[in-house]
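Spelled out from the first residue to the last, the chains are:
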Amino acid sequence: MALLGSKTFQNYIAGEWTDAASGETFESTSPANGDAIGTFPLSGEEDVNRAVAAAKEAFEEWRLVPAPKRGEILFRFGELLRDQKEDLAQLMAREMGKVLAEARGDVQEAIDMAYYMGGEGRRLFGQTTPSELRDKFQMSVRMPIGVIGVITPWNFPIAIPSWKTLPALVAGNTIVFKPATDTPTLGQRYVELMLEAGLPGGVLNVVHGGGGTVGETLVRHPDVRVISLTGSRETGVAVLKAAADGLKHVHLELGGKNAIIVLDDADPDLAVEGIIWSAFGTSGQRCTAASRVIVQRGIYEELQGKLVAAAEGLRLGYGWEDDTDVGPVINKRSLEKIHSYTEIGQEEGARLLTGGEVATGDGLSDGFYYRPTIFGDVEPGMRIAQEEIFGPTTALIPVDSFDDAIRAANGVKYGLSSSIFTRDVNKAFRAMRDLDTGITYINAGTIGAEVHLPFGGTKDTGNGHREAGQAALDVFTEWKSIYVDYSGRLQKAQIDAAE
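Reference entry: report on the structure contained in this document. These numbers come from a predicted model, not from an experiment. (Residues numbered from 1 in each chain as written. Predicted model: local features only at pLDDT ≥ 70, side-chain atom pairs only at ≥ 80, totals over all residues. Heavy atoms only, no water.)

## Overview of the overall build of the protein chain
For clarity, the cut-off: Numbered from the N terminus, helices here are DSSP runs of H or I no shorter than four residues, and strands are runs of E no shorter than two. The quantity called the radius of gyration is restricted to C-alpha atoms. Its globule counterpart is 2.2 Å times the number of residues to the power 0.38. Summary of the burial criterion: residues with accessible area below 20% of their type's maximum are buried, those above 50% are exposed, and those between are partly exposed, where the area comes from a 1.4 Å probe applied to protein chains only. A contact between two residues is defined here by any heavy atoms of the two lying within 4.5 Å.
Of the regular secondary structure elements, the protein chain holds 14 helices and 22 strands. Here the C-alpha radius of gyration of the protein chain, 24 Å, is about what a compact globule of 499 residues would show, namely 23 Å. The buried share among the 499 residues of the protein chain stands at 56%. Across the protein chain, contacts joining residues at least 24 apart in sequence account for 75% of those joining residues at least 6 apart.

In structure tokens:
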């Protein structure tokens, strides 16, 4: 891959590219090798205020654009993403660290979402129902809300912005978008392509900077009606508290501690393939990553052996190299956190089967690489089986029975994704019913959600909302009920109808 030189970028506010009011900047560098990628405005309260004012003004016109026309812009955006897919994937491998196959998948999710939400421009369905009174018509319709604050993470730097911005835009809202400071170049390219697709100035504004300044100002701004955040549980709680005084709508996608259950009757090779993909894909930096593997004892030893061998066969390296299986983690802070959990697991008495160390040498010393790590003989209550590590670490938890496996899977505070490998259709259906998660896979790993079904989880994974599918529209619209009386006289519901 030919590395591009570092460039200087700006915020996009009210249809213009502009520096931060303070003139301050920050750098984006590659987690793979430390290369400089770009210089970005380190924005503050003044910049956010300008962006919100621009979005508020643009809303008055954008909400009146016919929804099919808004959808056509989204469709053109999807076409541009498709045309730029390889370039975006190469940039993602460099700025975020994903291997190319996964980076292409990240972009493909945004393409899928653009096509899907573009179609919503000709749907945005409400309902009509019969009235209890004569000569009266009634219906419900979706209405846009106003200015949306969108705060996205670095691990899906193209896909997650699409999950939030595209349903918001097709519904008629305007946006102030804060990309993650670890992946600002990808956020910038996302906005540039939206503008190329024909989005008017002021409808989508991008303000770069930290969560403690840009994010907090967005959350507290009185003209921002909705906050959509993907981040940690701790950040989500802080956002809820900060938004409470303004009675804002808050949509949270937070952590996960996802489990794959492997029963005695499972195909062990298929299960190993699913575990490797789910535990070590994106270097374990997915909210849906399989950081727990709950294994029935009859298959435990066989599965453990196959899994360790498969993990040790994974190649660490630069994401843009075709033979790389696992890329870097995002930054030094994450690398240190991941290793701290290796030490915690050993202190708790879990058996380290493979990995558990920072990877150096062979060109890896300039980046942030951690060897795929597997712990064995883990008890469900151990910290490595309870707390989100967000790295290439998974814990094997032996259990005696299907019921024990379900209890262990549900015995965490998160409830995002779950999986079971079994050939027993009865147990598969019981798992679908009893696993307390927003997503459940049968004979597949814990990752691989599609855009036309709701995405999100139960318990501490969020606050009850969902991304993707029809459910995403509920975050970014208000229901309005409309009654049309054509009787020519005043009719009183519940009174005249009771006669």
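## Notes on helix α10 (residues 297-312)
Note the cut-off: Each helix should span, by expectation, one fewer than its residue count multiplied by 1.5 Å. One axis fitted to the seven residues ending at a residue, another fitted to the seven starting there: the angle between these axes is the bend at that residue.
The end-to-end C-alpha distance of α10, which contains 16 residues, comes to 23 Å, matching closely the 22 Å that a straight helix rising 1.5 Å per residue would cover. Along α10, the helix axis deviates most sharply at Leu-303, where the bend reaches about 30°.

## A short note on the layout of surface pockets
Note the following rule: With a 1 Å grid spanning the protein atoms alone, the term cavity applies to any set of points in which a 1.4 Å probe fits but cannot get out, the term pocket to an open set with protein on both sides within 12 Å along at least five of seven lines, and the term lining residue to any residue with an atom within 4 Å of a point. Grid points are joined across faces, edges and corners, and a volume is the space filled by probe spheres set on the points. Amino acids are sorted into nonpolar (Ala, Val, Leu, Ile, Met, Phe, Trp, Tyr, Cys and Pro), charged (Asp, Glu, Lys and Arg) and polar (every other residue, Gly among them).
There is about 1,200 Å³ of room inside the largest pocket. If you trace the largest pocket, you find 49 residues lining it, with Trp-154, Gly-231, Ser-232, Thr-235 and Arg-333 closest to the centre. The set of elements that each furnish at least two residues to the lining of the largest pocket consists of β4 (25-29), α7 (211-220), β11 (224-230), α8 (233-244) and α11 (332-348). Classifying every residue of the lining of the largest pocket by side-chain character gives 20 nonpolar, 16 polar and 13 charged.

## Things to note about the sheet that holds β4
Note the following rule: We call two strands paired when DSSP finds no fewer than two bridges between them. For helices, the axis comes from a line fit to the C-alpha atoms of the stretch in contact; other axes are also lines fit to C-alpha atoms, and the angle between any two N-to-C directions lies between 0 and 180 degrees.
Ordered by their spatial adjacency, three strands build an open sheet running β1-β5-β4, and the pairing between neighbours is mixed. What marks the edges here is a single partner per strand, and that holds for β1 (7-8) and β4. Those strands touched by helix α6 (residues 184-196) are β4 and β5 (36-41), and its axis lies near 70° from that of β5.

## A few points about the packing of helix α3 (residues 85-95) against helix α4 (residues 100-120)
Put simply, the test is: For classification purposes, an angle smaller than 35 degrees is called roughly parallel, one larger than 145 roughly antiparallel, one from 65 to 115 roughly perpendicular, and anything else oblique. Note: crossing handedness is left-handed where the near helix turns anticlockwise from the far helix by less than a right angle, and right-handed where it turns clockwise.
The interhelical angle for the contact between α3 and α4, taken along N-to-C directions, is 125°, at an axis separation of 8 Å. With respect to each other, α3 and α4 are oriented oblique. Crossing of α3 against α4: the hand is right-handed. In contact with Lys-85, Glu-86, Leu-88, Ala-89, Gln-90, Met-92 and Ala-93 of α3, α4 contributes Leu-100, Ala-103, Arg-104, Asp-106, Val-107, Gln-108 and Ile-111. When the residues that make up the contact of α3 with α4 are grouped by side-chain class, the tally is eight nonpolar, two polar and four charged.

## Some remarks on the sheet that holds strand β20 (residues 439-442)
Two modes of strand pairing occur in sheets, parallel and antiparallel, and in both the strands are linked by backbone hydrogen bonds. Across the sheet, seven strands lie side by side as β15-β16-β17-β14-β13-β19-β20; this open sheet has mixed pairing. Single-partner strands in this sheet number two, and they are β15 (351-354) and β20. Along the sheet, successive strands turn relative to each other by an average axial angle of 20°, direction set aside. Pairing of strand β16 (residues 373-376) with strand β17 (residues 393-399) involves three bridges; the strand directions are parallel. Each residue of the ladder has a partner; that of Ile-374, found in β17, is Thr-394. In the packing of helix α9 (residues 268-280) onto the sheet, the strands contacted are β13 (258-262), β14 (290-296), β16, β17 and β19 (417-421), and the crossing angle to β13 comes to about 170°. Sitting on the sheet, α10 is in contact with β13, β14, β15, β16 and β17, with an inclination near 145° to β14.

## Examining α3
At 3.6 residues per turn, the α-helix brings residues three or four places apart onto the same side. Counted residue by residue, α3 has eight buried out of eleven residues, so it is predominantly covered. Those residues of α3 not exposed but buried are Leu-88, Ala-89, Gln-90, Leu-91, Met-92, Ala-93, Arg-94 and Glu-95. Where α3 is buried, its residues contact β4, β5, α2 (67-83), α4 and α6. Trailing α3 by a residue or two, Gly-97 shows a phi angle of about 105°, which is positive.

## Here's the deal with the pattern of salt bridges
Definition in use: A pair is scored as a salt bridge if a Lys or Arg side-chain nitrogen falls within 4 Å of a carboxyl oxygen belonging to Asp or Glu.
This model, assessed by the stated rule, comprises 25 salt bridges. A salt bridge links Glu-60 to Arg-63; the shortest N-O distance between them is 3.3 Å.

## Brief notes about unusual backbone geometry
Of note, the phi angle at Ala-14 is positive, near 55°, even though the residue is not glycine. With respect to the secondary-structure elements, Ala-14 resides in the loop between β2 (11-13) and β3 (16-18). Overall, Ala-14 belongs to the partly exposed group, its relative accessible area being 45%. In this model, Lys-459 sits at a positive phi of 55°, which is unusual for a non-glycine residue. Structurally, Lys-459 can be placed in strand β21 (residues 458-459). The class of Lys-459 is partly exposed, set by a relative accessible area of 31%.

## Digging into the environment of Gln-84
Structurally, Gln-84 is set in the loop between α2 and α3. For the pair Gln-84 and Gly-469, spaced 385 residues apart in sequence, the C-alpha to C-alpha distance is 24 Å. The contacts of Gln-84, once residues within four sequence positions are left out, are Arg-189 and Leu-193.

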